[in-house]
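Inside the fold
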Amino acid sequence: MSEKVLLGMSGGVDSSVAANVLLEKGYDVTGITLELCDCDNASNITDAKKVCERFGINHIAENLKNEFSKFVISDFIERYKLAKTPNPCIVCNKFIKFGAMLDKALELGFSKIATGHYARISKNENGRYILKKAKDESKDQSYVLYGLTQHQLSHTLFPLGDYTKPEIRKMAKKNDLINANRPDSQDICFVPDGDYAAFIEKYDGFVSPQGDYVDINGAFLGKHKGIINYTIGQRKGLGIALGKPQFVINKNAETNAVVLGDEEHLFKTEVLVNNVNFIPFDNLNGEMRVKTKLRYRHIAANSVIYPCEKNMVKIVFDEPQRAPSSGQAAVFYDGDIVVGGGTII
């Protein structure tokens, strides 16, 4: 009997081709589309259904709007209020796609779930599951998957990990899939226009109050339009003229101040992270040389990680890195292997 796999299908080309890859490998596949928020495009379910019909497999839809609101949207809003820069995709992967969806799959009798993420999973000689970068490093999504547990990895398949994006597009066209030329989504799914402040005001009623621009010594420089509107490293759109380019160096939720300074003040050699998850092992027992990514598009930089108390890790870079931002993830790599990661403090 074929192994039963529940495939998360967004209606996009990646998850659609994932169905084809799994079927060719002999899996018994059912597609599932998660309804996550009111802003979901109704065509996502329609397109996913059509792809399932094309391949002759079943499709189900699952309403997880309450769970998504509780775990993802609420966390996103609260972190922004605290002047942090959250990454909701990481939270969604941990609690929704590889949390609630996996729970549903096991409840329905599936042994595995699968998604269209570009990453790879293998098993080492000790029987531990290992997360690796995708073959196509330009599309690699291992950064947003660092929080997965051994339980989650043991029940997950990433069918696209060994393919490049052009190969996926070619397979979609070969199978006459309706979404073969559908562009990749770029923005946060529940804030498609990228206006986080407007979304938070509409969803939560919170309006970020005006406050002070200050320099790195705390001296008053002017008034800002609300701390939620700024990101670390930002230069444009500050609405203040100081005679030379100034950058957002820090944000302080307690004082409602935005700190401005020269670009050199953005560079840090040491970064502290908490809520750490390791994959090849449970705990870091000593220093380890790794490469660390501070953002999804950041080029992993040479560094050494050191264990600290309370599930924290100190990262010391060989060269100073620009604009590490509180709330973002720092993810550690040993070659293609994801060692783990945590949240920047």
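Keep in mind that this is a model prediction, so the values were computed, not measured. (Residues numbered from 1 in each chain as written. Predicted model: local features only at pLDDT ≥ 70, side-chain atom pairs only at ≥ 80, totals over all residues. Heavy atoms only, no water.)

Another point: the sheet that holds strand β9 (residues 220–224). To summarise the sheet geometry, strands pair through backbone hydrogen bonds and adopt either a parallel or an antiparallel arrangement. With mixed pairing, the 4 strands of this open sheet are ordered in space as β9-β8-β11-β10. Every interior strand has two partners, whereas the edge strands, β9 and β10 (247–252), have only one. Taken over all neighbouring pairs, the strand axes of this sheet differ in orientation by 30° on average, direction set aside. (Pairing = 2+ DSSP bridges. Helix = DSSP H or I, 4+ residues; strand = E, 2+ residues; numbered from the N terminus. Axes fitted to C-alpha atoms, helices over the stretch in contact; angles between N-to-C directions.)

Here we take up helix α6 (residues 165–174). Of the positions making up α6, those classed as buried are K165, I168, R169, M171 and A172. The buried residues of α6 occupy an angular sector of 160° when projected down its axis, which confines them to one face. Residues of α6 that are exposed and point over 90 degrees away from its buried face: P166, K170 and K174. Next to the buried residues of α6 lie α1 (13–24). Remark: D176 follows α6 within two positions and exhibits a positive phi of approximately 55°. (Buried < 20%, exposed > 50% of the residue type's maximum accessible area, 1.4 Å probe, protein only. Arc of directions from axis to C-beta. Contact = heavy atoms within 4.5 Å.)

A few words on the sheet that holds strand β1 (residues 4–8). With respect to topology, 5 strands assemble into an open sheet ordered β3-β2-β1-β4-β7, the strand pairing being parallel. What marks the edges here is a single partner per strand, and that holds for β3 (58–63) and β7 (156–157). Looking at chain direction, strand β2 (residues 28–35) and β3 are connected through 6 bridges and run parallel. Of the residues in β3, the one forming a bridge with T33 is A61. In this fold helix α4 (residues 88–107) packs onto β1, β2, β3, β4 (112–114) and β7, with an angle of close to 140° to the strand it touches most, β4.

A few words on the environment of K49. One can find K49 in helix α2 (residues 42–55). Residue K49 is classed as partly exposed on the basis of its relative accessible area, which comes to 42%. A sequence separation of 109 residues divides K49 from F158, and the C-alpha atoms of the two residues are 20 Å apart.

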